[in-house]
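# Inside the fold
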Amino acid sequence: MSIRSVQLTRRRTRRIEALDHPRSGWKKTTWIWIFLLPTVVLYGLYTIYPIIASYWYSLVEWNGFDADQRFVGLSNYRAVFADPLFWNSFKVTLLFMLLVVPARVLLTLLLAIVLNSPKLPLIGVLRSAFFIPVVTTTAIIGVVMRFVLDPSSGPITSLLSKVGISGVDFLGDQHLALPTAAVLYIWKFFGVTMIYWLAALQTIPYELYEAARIDGAGTWQVVRHITVPMLRPFLIIITVLTVEETFHNFDLMYTLTGGGPYFHTEIIEIYIYRWAFGASIPQLGQASAAAVFFGLLVAVVGALQLWGVYAGRRLRGEQR
């Protein structure tokens, strides 16, 4: 080995030792936190602080304008729990979830199985077509759909009148408003769950399908005995994720119905908004109490999500 090569090797060794030095690691960590500082500050101001403040506001009587905040203890919680409209919004939220989750999970599974076929023509175009509504602003969809479903001059009303159906008010009828909102919500976020299932389908070895076809298995037998059992761990995770997502549909529901007709589509988020900003005299204390209860409900779903991840991994381990 030449003297030049020995010198280069020594220089590289010194550089590696310098990088491994504790002081060098401390400098790396410092720069990481410097770059993360704007994100940490903004997250603290607009996420952590409002959460902590809502707990305090739930214990005071305050309209959001006066400087005085009168401490009332648990009175706001008692007022919320005694309000029948709060329990109505809770029921509407759960009913909306029951309408959305099964249809969204099962329908997207069937579509993902179809779109996962490598022999399907224009597969990229079809996947993009189903995902386009996801990237569209939810509030804009709500505003546009109010025009489309307008009972007096909307395009849907015109089409129904041509086949002899008239007088259908999808958003004004107390029996149709919530199912209509559920259908629009499923359509809007259909692509998200479809991507979940497509990612799950990629984990199934293609050799299993080839072996099944060699043995003479048909399409239904392949789906029943290979696809569905292999996707069972993902079913728990995707279902819990979908349940959690359905709790956050304020923008669509508010732009579609505003909680009407007669509170039949007033979910918990709209109930909170109505007391905090929609009332003639805002009651931030009562709104914060309802928000705390709603946050606890979402936390329970988050715990179920963690359990779903653990259960899914355990099932996959058993399958292996």
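These lines cover the structure that appears in this document, whether it is placed above or below. (Residues numbered from 1 in each chain as written. Predicted model: local features only at pLDDT ≥ 70, side-chain atom pairs only at ≥ 80, totals over all residues. Heavy atoms only, no water.)

Their axes nearest at 5 Å, the elements helix α3 (residues 75–82) and helix α4 (residues 84–115) cross at an angle of 65°. Relative to α4, the element α3 lies roughly perpendicular. Packed against α3, whose contacting residues are Val80, Phe81 and Ala82, the element α4 presents Pro84, Phe86 and Trp87 at the interface. Broken down by class, the residue content of the contact of α3 with α4 amounts to 6 nonpolar, no polar and no charged. (Axes fitted to C-alpha atoms, helices over the stretch in contact; angles between N-to-C directions. Helix = DSSP H or I, 4+ residues; strand = E, 2+ residues; numbered from the N terminus. Parallel < 35°, antiparallel > 145°, perpendicular 65-115°, else oblique. Contact = heavy atoms within 4.5 Å. Nonpolar A, V, L, I, M, F, W, Y, C, P; charged D, E, K, R; others polar.)

Attention now moves to the packing of aromatic side chains. Applying the stated rule across the entire model yields 22 aromatic pairs. Ring geometry for Phe81 against Phe86: centres 6.2 Å apart, planes inclined by 55°, an arrangement best described as tilted. Summarising the aromatic geometry, the rings of Phe86 and Phe293 are spaced 5.4 Å apart at their centres and angled 75° between planes, so their arrangement reads as edge-to-face. Here Phe293 lies in helix α14 (residues 284–319) and Phe86 lies in helix α4, a separation of 207 residues in the sequence. For Phe86, a relative accessible area of 0% puts it in the buried group. Clustering of aromatic rings is evident, with ring pairs tying together Phe81, Phe86, Trp87, Phe90, Tyr271, Trp275 and Phe293. Against the face of Phe189 rests Lys188, its NZ or CZ located 4.3 Å from the ring centre. (Phe/Tyr/Trp six-rings, centres within 6.5 Å; stacked < 30°, edge-to-face > 60°. Buried < 20%, exposed > 50% of the residue type's maximum accessible area, 1.4 Å probe, protein only. Lys NZ or Arg CZ within 6 Å of the ring centre and 35° of its normal.)

Within this model, the largest pocket holds a volume of roughly 520 Å³. Looking at the largest pocket, it is lined by 19 residues, and the ones nearest its centre are Asn116, Ser117, Pro118, Tyr209 and Arg213. Going through the elements one at a time, α4, α10 (206–214) and α11 (219–246) are the ones with two or more residues in the lining of the largest pocket. For the lining of the largest pocket, a count of residues per class yields 10 nonpolar, 6 polar and 3 charged. What lines the second largest pocket is a set of 16 residues, among which Ile272, Ala276, Phe277, Ala287 and Ala291 lie closest to the centre. Sorting the residues of the lining of the second largest pocket by element identifies α2 (22–57), α13 (268–278) and α14 as the ones contributing at least two each. In terms of residue count, α14 provides more of the lining of the second largest pocket than any other element does, 6 residues in total. Within the lining of the second largest pocket, the residues separate by chemical class into 11 nonpolar, 4 polar and 1 charged. (1 Å grid on protein atoms, 1.4 Å probe; cavity = no way out; pocket = protein on both sides within 12 Å on 5 of 7 lines; lining within 4 Å. Points joined across faces, edges and corners; volume = space filled by probe spheres on them.)

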